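Each chain, letter by letter, is given below.
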Amino acid sequence: MPHYRSLIISLAAPLIAMLLSACQESEYQRLQETPQTGATLLQLSAEGGFALPVIPTSNSITDAKVELGRHLFYDPQLSSNQQQSCESCHEQDKAFSDGIALPHGTSGDILARNSQTLTNVAYNVNYTWGNPRLTTLEQQILIPLTAEDPIELGINDANLNEILQRFRDQLLYQQLFSDAFPEDADPFSLANIIKALASFNRILISDRSPFDKGELSAAAQRGRELFFSEKADCFHCHDGFNFSLSSKNERSLTIPSQRFFNNGLYNLSQDGDYPQNNQGAFDVTGNPQDKGSFRPPTLRNVELTAPYMHDGSIATLEGVVEFYANGGRHIQSSDDIDNLAIINESLGLPADAISHLQGDGRNNPNKQANGFVSGFIASDQEKADLVAFLKSLTDREFINDPRFAKPQALIERDAR
Ligand code: HEC
Ligand code: HEC
């Protein structure tokens, strides 16, 4: 049975229904209008020069919430069988991705999508690789906590109390929960866990790369010109401070109407099909024009987040540049796609099966409709320059920042 992820988000229903409706975009306000008191952990660097993210009024950010969220993020006690934490798929040294094509959840289910970087997630207009309906971090974080098919952390109605009790029983968490939610008589709840995790995810701001500091090598500078040229066309989708059209901040709240694009990875039929467990925004909208449409992800820290694309089917940045130069991917044999075995595992097929993926993505009608990714002729030098530019977006301070790291108290607890 293939695992659907964003279309049929199969959640532990009663527990969750109320939470999903909790945060609508209308609740967003400019930070300037609602000064965030006590959130000193939410910082921009002097170099980066982009604005702070917008924070929903229903979950104002405080240092205490961020600190609780940081502990929960790194704590395997948050999963049903205590085997996985958020960190299992989002590791700081990989810019909060995991280095594999497709991850497995805490009880062994394989996921159909590549673990995303959490770089600058506070700025996303939409969450996950291709879901137009997920517009807040709070909505998104519910999924890894409670999804049932596939299971990620495995919280459900039957085990929720037991899991909350694990935290109630520890002095460390008694303090953290009551500091984070001082108004609540009983602060131990799934809703508060989500608020704290979202607050921690919001401070994961990366704005200290060589690009931000204006320290580009000659190769990276040439690559930058190419990136922003009509020839390579990258900027049409990876635009703005976050190198993703689908970003907003408190100074720039305008959201482009088209936020999902088909870049020609597959074309399994003449009408633009992608593999059946991964049709992008189509899985949510049911509109055939959305087949294979995904959100252009941020390219910040992309050097650290291999393998690439929603299913990890391109192993390297060199491979990505080659793919765009070709104007899409023509899959004929297993040589034309990376990580085939694990992609087939997610589809419940034998490791070397290929016929179900064959097709010429260069002719995908939904790619052609957007008019981009039409291919370009570039010398080896130009391709290397583009890669050098992408690597100039790597923020080493971000991946070493102690504000984002596993808390000492958990390291000590788990060493005992
Ligand atoms: C088993 C692996 C796994 C675990 C555990 C996991 N994630 Fe993820 N995460 C993913 C995958 C895969 C995606 C992409 C989902 C998609 O596109 O459908 C993702 C996406 C996200 C996103 C959206 C990023 C974006 O740019 O839209 C956020 C935020 C996130 N995860 C936070 C968390 C938090 C917080 C936890 C812990 C509660 C967590 N994740 C646990 C694998 C995991
Ligand atoms: C038509 C819009 C569009 C254009 C033009 C475009 N991209 Fe993309 N890019 C996307 C989308 C959408 C994805 C995600 C696709 C998927 O996962 O199926 C993506 C993914 C990527 C990724 C993988 C990121 C990751 O985290 O896995 C890289 C790297 C990338 N693009 C670089 C580039 C470069 C370099 C160019 C120019 C040569 C470019 N893109 C042009 C839309 C575009």
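As a convention, each chain's residues are numbered from 1 in the sequence order in which they are written. Starting at A for chains and at 1 for ligands, labels are handed out in the order in which the entities are written. Per-residue local features are limited, in this predicted model, to residues with pLDDT of at least 70; the limit for side-chain atom pairs, both in listing and counting, is 80 or more; totals at the level of whole chains, interfaces and linings are taken over all residues. Hydrogens are left out, water is left out, and the side-chain values use all remaining heavy atoms of the structure.

(A) Region of interest: the coordination of the iron atom of ligand 2. Taken together, His238 (NE2) and Tyr324 (OH) make up the protein donors of the iron atom of ligand 2, found 2.0 to 2.1 Å from the metal. Here the term donor refers to an N, O or S atom within 2.8 Å of the metal (or 3.2 Å for Na, K and Ca), and because water is left out of the atoms, sites may appear incomplete. Geometry assignment treats four donors as tetrahedral when all angles are between 85 and 135 degrees, treats four as square planar and six as octahedral when opposite donors are over 155 degrees apart and all others between 65 and 115, and treats everything else as irregular. Each of the six donor atoms around the iron atom of ligand 2 contributes to a set of angles spanning 83 to 179 degrees, which defines the coordination as octahedral. Of the two residues, histidine 238 sits in the loop between helix 8 (218-227) and helix 9 (282-285) while tyrosine 324 sits in helix 10 (residues 317-325), which places them 86 residues apart along the sequence. Note on exposure labels: buried denotes an accessible area under 20% of the residue type's maximum, exposed denotes more than 50%, and partly exposed covers the range between, all computed with a 1.4 Å probe on protein chains only. Residue classification places histidine 238 among the buried residues on the basis of a relative accessible area of 9%. The exposure class assigned to tyrosine 324 is partly exposed, which follows from its relative accessible area of 21%. Runs of E in the DSSP output that reach at least two residues are strands. Runs of H or I that reach at least four are helices, and both are numbered from the N terminus.

(B) Structural detail: the domain arrangement of the protein chain. Where a domain begins and ends is set by an automatic assignment or by a domain database. Here the protein chain is partitioned into domain 1 (13-207 + 397-415) and domain 2 (214-391). Using C-alpha coordinates to define each centre, domain 1 is positioned 27 Å away from domain 2. Each partner contributes residues to the interface: domain 1 has 42 residues there, and domain 2 has 39 residues. Accessible surface is computed with a 1.4 Å probe, and the buried area is the amount of it that two parts give up when combined, taken over both parts together. Contact between domain 1 and domain 2 buries roughly 3500 Å² in total, counting both sides, with carbon and sulfur atoms accounting for 57%. Together, Tyr123, Val125 and Trp129 form the three largest contributors to the area buried by domain 1 at its contact with domain 2, with a combined 17%. The working definition used for a salt bridge is a side-chain nitrogen of Lys or Arg within 4 Å of a carboxyl oxygen of Asp or Glu. Here domain 1 and domain 2 share zero salt bridges between them. Under this definition, polar contacts are N or O atom pairs within 3.5 Å; protein pairs additionally need one hydrogen-donor-capable and one acceptor-capable atom, and for neighbouring residues in sequence, both atoms have to be side-chain atoms. The tally of links between domain 1 and domain 2 comes to 16 residue pairs in polar contact (both at pLDDT 80 or more). Put simply, Ala, Val, Leu, Ile, Met, Phe, Trp, Tyr, Cys and Pro go in the nonpolar bin, Asp, Glu, Lys and Arg in the charged bin, and everything else, Gly too, in the polar bin. By residue class, the composition of the side of domain 1 that touches domain 2 is 19 nonpolar, 16 polar and seven charged. In what follows, residue pairs with any heavy atoms lying within 4.5 Å of each other are defined as contacts.

(C) The coordination of the iron atom of ligand 1, seen in detail. In this structure the iron atom of ligand 1 is ligated by exactly one protein donor, His90 (NE2), at 2.1 Å. Mapped onto the fold, histidine 90 is located in the loop between helix 2 (63-73) and helix 3 (137-146).

(D) Just the packing of aromatic side chains, in detail. Stacked, tilted and edge-to-face are the three classes applied to pairs of Phe, Tyr and Trp rings, where Trp contributes its six-membered ring and a pair requires centres within 6.5 Å; stacked means planes under 30 degrees apart, edge-to-face means over 60, and tilted covers the rest. For the coordinates displayed, the defined rule picks out 26 aromatic pairs. Relative to phenylalanine 241, the ring of tyrosine 123 has its centre 5.0 Å away and its plane inclined at 70 degrees; by these criteria the two rings are edge-to-face. Taken as a pair, tyrosine 123 in the loop between helix 2 and helix 3 and phenylalanine 241 in the loop between helix 8 and helix 9 lie far apart in primary sequence, 118 residues in all. Exposure class is identical for tyrosine 123 and phenylalanine 241. Each is buried. Counting every residue linked through ring pairs, the aromatic cluster contains Phe73, Tyr74, Phe96, Phe200, Phe398 and Phe404. The ring of phenylalanine 282 has lysine 291 lying over it, and the distance from NZ or CZ to the ring centre is 5.4 Å. Sitting over a ring, as applied to charges here, requires NZ of Lys or CZ of Arg to be within 6 Å of the ring centre and within 35 degrees of the ring normal. It is arginine 329 that lies over the ring of tyrosine 266; its NZ or CZ is 4.7 Å from the centre.

(E) Layout of the site of ligand 2. Any residue with a heavy atom positioned within 4 Å of a molecule or strand is treated as near that molecule or strand. Not every one of the 25 residues close to ligand 2 is listed here, only the nearest: Cys234, Cys237, His238, His310 and Tyr324. The contact in question runs from a nitrogen atom of ligand 2 to an N or O atom on the side chain of tyrosine 324, over 2.7 Å. In the shell around ligand 2, the residues fall into 19 nonpolar, four polar and two charged.

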